[in-house]
Amino acid sequence: MSDRTDDIDQTHSHDIDDTPSVTCSRCDREWDLSYELDDLEVGNQSFEQFALDHMRHTGHFPDGISPWIVSCRHCPEGEEFLAASAAQRWAKTHARHTRHSIEVAHADEETTVVSPE
Ligand SMILES: [Zn+2]
Ligand SMILES: [Zn+2]
């Protein structure tokens with residue numbers, strides 16, 4: 001997957017030590033998370049929480065988020081996770097309970113399949 005971020009008038013950095021903000025090109029919006037950091041002091045978690053909330057409300061993640069997408073091959077069950085461990089846990093639990101095989105996909109990784117043992 002190739003990203004075209006050259007035309008965004010903002011420096012993209014993974015070291016966000018200033019005011020953390022979230023952008024979503026699909027919504028064409030930007031949010032400032034500094035107030036959440038002040039209130040909660042949870043650091044990066046507020047970004048993740050925001051991303052999850054955004055996913056819940058809009059059906060997609062904001063920019064900079066590459067979720068782990070877990071989808072069952074046998075039924076409509078599926079979830080998206082920010083953490084690989086959470087995605088694996090969901091897949092294994094579902095496989096164990098239903099005897100289904102689940103695909104775990106990520107933008108930067110090969111798709112893997114979790115099968116019931
Ligand atoms: Zn959005
Ligand atoms: Zn299933």
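Residues numbered from 1 in each chain as written. Chains lettered and ligands numbered in written order. Predicted model: local features only at pLDDT ≥ 70, side-chain atom pairs only at ≥ 80, totals over all residues.

Explain the overall build of the protein chain residue by residue, including any values.
For the protein chain, the count of helices and strands is three helices and six strands. In sequence order, the secondary structure elements of the protein chain are arranged as β-β-α-α-β-β-α-β-β. Taken across its 117 residues, the protein chain has 14% of its residues classed as buried. Long-range pairs, those at least 24 residues apart, make up 31% of the contacts in the protein chain between residues at least 6 apart in sequence. (Helix = DSSP H or I, 4+ residues; strand = E, 2+ residues; numbered from the N terminus. Buried ≥ 20, exposed ≤ 12 C-beta atoms within 10 Å, placed from the backbone. Contact = placed C-beta atoms within 7 Å.)

Run through the sheet that holds strand β3 (residues 68-72), naming residues and quoting values.
Strand order in the open sheet formed by four strands is β4-β3-β5-β6, with antiparallel pairing between adjacent strands. Looking at strand neighbours, the two that pair on one side only are β4 (78-81) and β6 (109-114), the edges of this open sheet. Direction aside, the axes of adjacent strands within the sheet are offset by 15° on average. In this structure, strand β5 (residues 102-106) lies alongside β6, joined through four bridges in antiparallel fashion. Directly across from Val104, in β6, lies its bridge partner Thr112. (Pairing = 2+ DSSP bridges. Axes fitted to C-alpha atoms, helices over the stretch in contact; angles between N-to-C directions.)

Would you mind going over the pairing of β5 in detail, with residue names and values included?
Relative to β5, β3 is paired through four bridges, and the arrangement is antiparallel. Paired with Ile69 across the bridge in β5 is Ala105. Counted between consecutive antiparallel strands, the loop separating β5 from β6 contains two residues.

Which residues make up the nonpolar core, and what values do they have?
Generally speaking, soluble globular proteins have nonpolar side chains that are buried together. Judged by nonpolar contacts, Trp68, Val70, Phe81, Ala87, Trp90, Ala91, Ile102, Val104 and Val114 together constitute the single largest core of nine residues. Elements with a minimum of two residues in this core: β3, α3 (84-98) and β5. Excluding anything up to four places from it in sequence, Val104 contacts Trp68, Val70, Ala87, Gln88, Ala91, Thr111, Thr112 and Val114. (Core = buried A, V, L, I, M, F, W, Y, C linked by C-beta atoms within 7 Å.)

Describe α3, with residues and values.
With 15 residues, α3 should cover 21 Å at 1.5 Å per step; its first-to-last C-alpha distance of 21 Å lies within 8% of that length. Those residues of α3 not exposed but buried are Ala87, Trp90, Ala91 and His94. Projected down its long axis, α3 carries its buried residues within an arc of 95°, all on one side. Counted as exposed and oriented over 90 degrees from the buried face of α3: Ser85, Thr93, Arg96 and His97. Buried residues along α3 sit in contact with β3, β4, β5 and β6. Backbone geometry just after α3 places Arg99 at a positive phi near 65°. (Expected span 1.5 Å × (residues − 1). Arc of directions from axis to C-beta.)

Hey, could you go over the environment of Ala107 for me, with residue numbers and the actual values?
With respect to the helices, strands and loops of the structure, Ala107 is situated in the loop between β5 and β6. Measuring from C-alpha to C-alpha, the distance between Ala107 and Ile65 comes to 9.8 Å, with 42 residues separating the pair along the chain.

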